[in-house]
Amino acid sequence: MAFTLEGFDLDRFVRETLAEDLGEGLPGGGIDVTSESVIPADARFSGVMDTRDAIEVAGLPVAEAFFRALDPHMQIDILVDEGATVPAGTDLMRLEGNARAMLTAERSALNTVQHLSGIATMVAEYVRAMDNPDCTLLDTRKTIPGLRHLEKYAVRMGGGANHRMGLWDAAMIKDNHVLVAGSVGEAVRRAVAAGVKDIICEVDRVDQIEPALAAGATRLLLDNMDPATLREAVALVAGRVPTEASGGINLQTIKAKAATGVDFVSVGRLTQSAPAADIGLDFTPL
């Protein structure tokens, strides 16, 4: 089955990434000078992609697309499922095909799998630390430009869920919006009057909760509150809308904040700061 993500053009991503690596449009560009000068055009390789870290897997179908873009007849076997938890030393993919194509696509394919699996692995670590099936871990919009759809996909592969995909699918009223509107309640009322269906309102004080709810907020983002204040806020909301804790959340604090009764916990570092997984690709001439 073809790999698809709503709003994401895989063919374009592969084409533009390879063009960047090959220097297309630049003087002397458009060529993998090393492979074409050293490797015979008809040479063939077999290859094995494996992980040197214990990881949650994400991005293998995208890696496959890089190789097939340069050798449509390459034999590729993906050996593990997306979202799988695998130990260090696990083989992820086997390949056989044109050697030049394999070498030219190698870095783009590995960069993608390393980055996405790194995100998925960090997400899974946070889910385990949260240890709360009644609370959902969310990402944020802190993504690398151009990679949002892939990074948010990796979050799902790690066991998290996506917050807004962008600026278009929900209103999120924050302090600067409140500053212009004059109050939390007025900011929410303006969004309601504009016909916005989903209105997330950030509050950093308990006394902002009732005005936000009265004006029509559909979710409250409880920002930078300690666990005691979060519990008080959840009690005041009393299930009328979902609640989300954000700010100051790391592996040491997430369990206590999730245990306050909030429905969601959002963590920006999932996409902003996840380290790349150590994944390699070894070739054998045929």
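What this report covers is the structure whose coordinates are included nearby. In this text the structure is predicted, and so the values were computed from the model without any measurement.

**Some details on the sheet that holds strand β1 (residues 44-51)**
Then step 1. The strand order across the open sheet formed by four strands is β3-β5-β1-β12, and the pairing between neighbours is antiparallel. Two strands in the sheet have a free side with no partner beyond their single neighbour: β3 (75-78) and β12 (279-285). The average angle at which neighbouring strand axes cross in this sheet is 15°, direction not considered.
Then step 2. Pairing of β3 with strand β5 (residues 91-98), which is carried by four bridges, proceeds in the antiparallel orientation.

**With respect to the pattern of salt bridges**
Then step 1. What the rule picks out here adds up to 15 salt bridges.
Then step 2. One salt bridge in this structure joins Arg52 and Asp282, with 3.7 Å as the shortest N-O distance. Of this pair, Arg52 sits in the loop between β1 and β2 (55-56) while Asp282 sits in strand β12; the two residues are 230 residues apart in sequence, bridging distant segments of the chain.
Then step 3. Residue classification places Asp282 among the partly exposed positions, given a relative accessible area of 47%.

**Remarks on the packing of aromatic side chains**
Then step 1. Using the criterion set out here, one finds four aromatic pairs in the structure.
Then step 2. Seen in terms of ring centroids, Phe3 and Tyr153 are 5.2 Å apart; in terms of plane orientation they differ by 85°. Their pairing is edge-to-face. A residue pair is termed long-range when its members are at least 10 positions apart, and Phe3 in the segment before α1 (10-22) and Tyr153 in helix α5 (residues 148-157) qualify at 150 residues. Take Phe3 and Tyr153: they sit in the same class, and that class is buried.
Then step 3. Counting every residue linked through ring pairs, the aromatic cluster contains Phe8, Phe13 and Phe66.
Then step 4. Directly above the aromatic system of Phe264 lies the positively charged group of Arg219, at a separation of 4.4 Å from the ring centroid.

**Focus on unusual backbone geometry**
Then step 1. A positive phi angle, close to 55°, is found at Asn224, a residue other than glycine.
Then step 2. With respect to the element layout, Asn224 can be found in the loop between β9 (219-223) and α9 (227-237).
Then step 3. A positive phi angle is found at Ala238, which is not glycine, with a value near 50°.
Then step 4. Residue placement: Ala238 occurs in the loop between α9 and β10 (243-246).

The rules behind the values
- Residues numbered from 1 in each chain as written.
- Predicted model: local features only at pLDDT ≥ 70, side-chain atom pairs only at ≥ 80, totals over all residues.
- Heavy atoms only, no water.
- Pairing = 2+ DSSP bridges.
- Helix = DSSP H or I, 4+ residues; strand = E, 2+ residues; numbered from the N terminus.
- Axes fitted to C-alpha atoms, helices over the stretch in contact; angles between N-to-C directions.
- Salt bridge = Lys/Arg side-chain N within 4 Å of Asp/Glu carboxyl O.
- Buried < 20%, exposed > 50% of the residue type's maximum accessible area, 1.4 Å probe, protein only.
- Phe/Tyr/Trp six-rings, centres within 6.5 Å; stacked < 30°, edge-to-face > 60°.
- Lys NZ or Arg CZ within 6 Å of the ring centre and 35° of its normal.

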